[in-house]
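Here are the chains, one letter per residue:
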Amino acid sequence: MRTIGILGGGQLGGMLSEALYNYGAKVVFYDPDPLSPSFHKSAFHYQGDWNDAEKLEAFFRQCDLVTYEFENVATDLLNSLIEKTKKPLFPSENVLKITQNRIAEKTFLQKNNLPVCKFIACSNLSELITKAKNFPFPFIIKTAYGGYDGKGQWVIENVTALNKTLSEITTKENTSFIIEEKIDIFSEASCIVARNSQNITVCLPIFDNIHKNQILYQTNLPSQLPITVQQKLQNIAIQAAEKLDVLGLLTTEFFISKVKNDNVKQSIEIDDFQIYINEFAPRPHNSGHISRNSCTISQYDLLARILLDIPINKPELYPGYFCMGNLLGSTWINQKKEKNLNLSCWKDHPNIISVTLYGKESATKQRKMGHFICHAENITDCNKFSENFRKDLNESD
Ligand code: ADP
Ligand code: MG
């Protein structure tokens, strides 16, 4: 029986563990947070800091191989652990190193002729201050390392916002940043590619993603983008997975805008759409929750099979329309709930085919606490039923 180690004990790791159990594997989690919501899903877990070399080594030794559900683990330490314990990391430490740092990631895109927006790297705060003053508005400042769900990001529309932000950013001396042009987004999409050690590559259908306040609000399936654009996105995502030599999952987040004849951009044009890669996630992705109910093989199942050396097949889409809606802590706060959301209204929403609650101990406004999946005959109904469910759960902005 194989033992798979998962760095991170959040919901992504939790759902991956369920897929692994389906094949009789054992799972061990590692996370610094004693209240990690997925700890109770495994017989063993390690609670330790990300820089606790001794504890991490014990964790590695207990596993046959290690994967991760988030990117912010120092690769130097991982390298030495892999060397010492001879336990492999899937996807590799090199993939992690590139994708965990926005500067390395965008430089990789540039070097490999993959589509990317205009950006500039700043190795510290004083460099940011100088370079931001010469970057055309509007733009977004992001910390190069460690951000998620819009954390460590500042949208800058004009000089007043720039001055205010620069005076407010307080970070450690060695924090690096990236400045990106703000894309006039027509649509956001993601493509999840699975690649195994026999170099077999399959991808999930394109998902359309809607964000609010830089956090994923809803994923829709099938994508409303023209088929030609969807095929292009899948080709680009597969190309990226191959160039990075990913063994496991690679999610590519895309921005799609309408063509503006700006010839200095490194984007790919198709029909009248312009495609940019926003970022990669070499792991299961929030948008991919939808694949659990809408596809013949989910993102979690694909990854479980790759980790356990079980063949993968091409996932197909079930008929109809699907939405995945994220449920944030604000709904818990509105309901005055700590742990268990009141789902009594669900009886009036037959099109909500599943609700997943992560069991997080405490709710903060923007924290991802659960999600639901809606299934309907057309996209208009799917959106309407999702909105109605949110309303009845007492969600508000
Ligand atoms: P995170 O790691 O938090 O997912 P992202 O870089 O993906 O960070 O940004 C989160 C969201 O913020 C994106 O999905 C998009 O909606 C918005 N965003 C980020 N960068 C840009 C940009 N350059 N132009 C326009 N919108 C952006
Ligand atoms: Mg993102």
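Shown above is the structure to which this text applies.
Residues numbered from 1 in each chain as written. Chains lettered and ligands numbered in written order. Predicted model: local features only at pLDDT ≥ 70, side-chain atom pairs only at ≥ 80, totals over all residues. Heavy atoms only, no water.

**Description of the overall build of the protein**
The line we're drawing: Helix numbers and strand numbers start at the N terminus; a helix is a DSSP run of H or I with at least 4 residues, a strand a run of E with at least 2. With the radius of gyration taken over C-alpha atoms, the globule rule is written as 2.2 Å times the number of residues to the power 0.38. Here the Shrake-Rupley method, with its probe set to 1.4 Å, supplies the accessible areas, and only the displayed protein chains count as covering residues. Charge assignment: positive for Lys and Arg, negative for Asp and Glu; neither His nor the chain ends contribute. By convention, the point assigned to a charge is CZ for Arg, NZ for Lys, CD for Glu and CG for Asp.
When helices and strands are counted, the protein shows 12 helices and 18 strands. Taking 2.2 N^0.38 as the reference for a compact globule, 397 residues should give roughly 21 Å; the C-alpha atoms of the protein span a radius of gyration of 21 Å, in line with that estimate. Along the first, second and third principal axes, the C-alpha set of the protein runs to 55 × 55 × 45 Å. Carbon and sulfur atoms provide 49% of the accessible area of the protein, an area that totals close to 17400 Å². Of the charged side chains in the protein, 42 are positive and 44 negative, and the gap between their average positions amounts to 2 Å.

**Side note on the coordination of the magnesium ion (ligand 2)**
Defined as follows: Distances define the donors: N, O and S atoms within 2.8 Å of the metal qualify, as do those within 3.2 Å of Na, K or Ca. Water is excluded, so some sites may look unfinished.
Within the first shell, the magnesium ion (ligand 2) binds the protein through Glu 253 (OE), Glu 253 (OE) and Glu 279 (OE), at distances of 1.9 to 2.7 Å. Here Glu 253, found in strand β13 (residues 248-258), pairs with Glu 279, found in strand β15 (residues 273-281); they are 26 residues apart in sequence, far enough to count as distant.

**Quick notes on the packing of aromatic side chains**
Cut-off, in case you're wondering: For Phe, Tyr and Trp, rings pair up if their centres lie within 6.5 Å, where Trp contributes its six-membered ring, and each pair is then called stacked (planes under 30 degrees apart), edge-to-face (over 60) or tilted (otherwise). Per-residue accessibility, obtained with a 1.4 Å probe over protein chains only, is compared with the maximum for each type, and a residue is labelled buried under 20%, exposed over 50%, and partly exposed between these values.
The full count for this structure, using the stated rule, is 12 aromatic pairs. Ring geometry for Tyr 46 against Phe 59: centres 5.8 Å apart, planes inclined by 80°, an arrangement best described as edge-to-face. Here the residue Tyr 46 occupies a position in strand β3 (residues 44-47), and Phe 59 occupies one in helix α2 (residues 53-62), the gap between them amounting to 13 residues. For Tyr 46, a relative accessible area of 18% translates into the label buried. A centroid spacing of 5.3 Å and a plane angle of 40° characterise the contact between Trp 50 and Phe 70, whose relative ring orientation is tilted. A residue pair is termed long-range when its members are at least 10 positions apart, and Trp 50 in the loop between β3 and α2 and Phe 70 in the loop between β4 (65-68) and α3 (75-85) qualify at 20 residues.

**Observations regarding the pairing of strand β6 (residues 139-143)**
Short version of the rule: Being paired, for any two strands, means DSSP has found at least two bridges between them.
Along β6, 5 of the 5 residues are buried, which leaves the element largely enclosed by surrounding structure. Side-chain alternation along β6 places Phe 139, Ile 141 and Thr 143 on one buried face and Ile 140 and Lys 142 on a second face that is also buried. Sheet topology note: the β6/strand β7 (residues 153-156) ladder contains 4 bridges and is antiparallel. Its bridge partner being in β7, Ile 140 is matched across the sheet by Val 155. Bridging between β6 and strand β8 (residues 177-181) involves 5 bridges; their strand directions are antiparallel. When the bridges of β8 are listed, Phe 139 appears paired with Glu 181.

**Considerations on the pairing of β13**
Along any regular strand, the residues point their side chains to alternate faces of the sheet. Across the 11 residues of β13, 10 count as buried, placing the element largely inside the fold. Two strands pair when backbone bridges link them, and strand β9 (residues 187-195) and β13 are joined in this way by 9 bridges, in the antiparallel orientation. Bridge pairing in β13 places Ala 189 opposite Phe 254.

**Structural notes on the pattern of salt bridges**
For clarity, the cut-off: Here a salt bridge means any side-chain nitrogen of Lys or Arg lying within 4 Å of a carboxyl oxygen belonging to Asp or Glu.
Under the counting rule described, the total for this entry stands at 19 salt bridges. The partner of Glu 279 in a salt bridge is Arg 102, and the shortest N-O contact between them spans 3.2 Å. Of this pair, Glu 279 sits in strand β15 while Arg 102 sits in helix α5 (residues 102-111); the two residues are 177 residues apart in sequence, bridging distant segments of the chain. In terms of burial, Glu 279 and Arg 102 fall into one category: buried.

**Thoughts on the side chain of Glu 279**
Condition: Counted as a polar contact is a pair of N or O atoms within 3.5 Å, where, for protein atoms, one must be capable of donating a hydrogen and the other of accepting one, and residues adjacent in sequence contribute only when both atoms are in side chains. What makes two residues a contact is simply this: any of their non-hydrogen atoms within 4.5 Å.
Here the side chain of Glu 279 touches Arg 102 through a polar contact of 3.2 Å, side chain to side chain. Discounting chain neighbours no more than four positions away, the residues touching Glu 279 are Arg 102, Glu 105, Thr 251, Thr 252 and Glu 253.

**Re the sheet that holds strand β5 (residues 119-122)**
Condition: Angular values range over 0 to 180 degrees, each being the angle between N-to-C directions of two axes fitted as lines to C-alpha atoms, with helices fitted over their stretch in contact.
Here we have 4 strands laid out as an open sheet, ordered β5-β8-β6-β7, and antiparallel in their pairing. In this open sheet, the two edge strands, each paired with only one partner strand, are β5 and β7. Mean inter-strand twist for the sheet, computed between neighbouring axes without regard to direction, equals 15°. Of the strands in this sheet, β6 and β7 touch helix α7 (residues 159-168), which is tilted by about 155° from β7.

**Some thoughts on the site of ligand 1**
Worth spelling out the cut-off: Here, proximity means that at least one heavy atom of the residue falls within 4 Å of the molecule or strand. Polarity classes work like this: nonpolar for Ala, Val, Leu, Ile, Met, Phe, Trp, Tyr, Cys and Pro, charged for Asp, Glu, Lys and Arg, and polar for all others, with Gly in that last group. The source of the domain bounds is an automatic or database domain assignment.
In the neighbourhood of ligand 1, 20 residues make up the surrounding shell, with Lys 142, Asp 149, Gly 150, Glu 188 and Asn 278 lying closest. Between Asn 278 and ligand 1, the recorded distance is 2.8 Å, taken from a side-chain N or O atom to an oxygen atom. Glu 279 is positioned with one of its side-chain polar atoms (N or O) 2.8 Å from an oxygen atom of ligand 1. Burial of ligand 1 by the surrounding chains reaches 91%, relative to a free accessible area of 540 Å². Those elements that provide at least two residues to the shell around ligand 1 are β6, β8, β13 and β15. Of the residues in the shell around ligand 1, the class split is 5 nonpolar, 6 polar and 9 charged. A domain-level breakdown of the shell around ligand 1 finds at least three residues from each of domain 2 (118-181) and domain 3 (187-395).

**A look at the sheet that holds strand β2 (residues 26-31)**
The sheet built from 4 strands is open, its strands ordered β3-β2-β1-β4 with parallel pairing. Of all strands in the sheet, those with a lone pairing partner are β3 and β4, marking the two edges. Strand-to-strand twist in this sheet, taken as the mean axis angle between neighbours without regard to direction, amounts to 20°.

**Notes on unusual backbone geometry**
Put simply, Phe 90 and Pro 91 share a cis peptide bond, and its omega is -20°. Within the secondary structure, Pro 91 is located in the loop between α3 and α4 (93-99). Backbone torsion omega between Leu 221 and Pro 222 reads -10°, so that peptide bond is classified as cis. By the secondary structure assignment, Pro 222 is in the loop between β12 (215-221) and α8 (227-244). Despite not being glycine, Asn 213 shows a phi value in the positive range, around 50°. Mapped onto the fold, Asn 213 is located in the loop between β11 (207-212) and β12. For Asp 245, which is not a glycine, the phi torsion comes out positive at approximately 55°.

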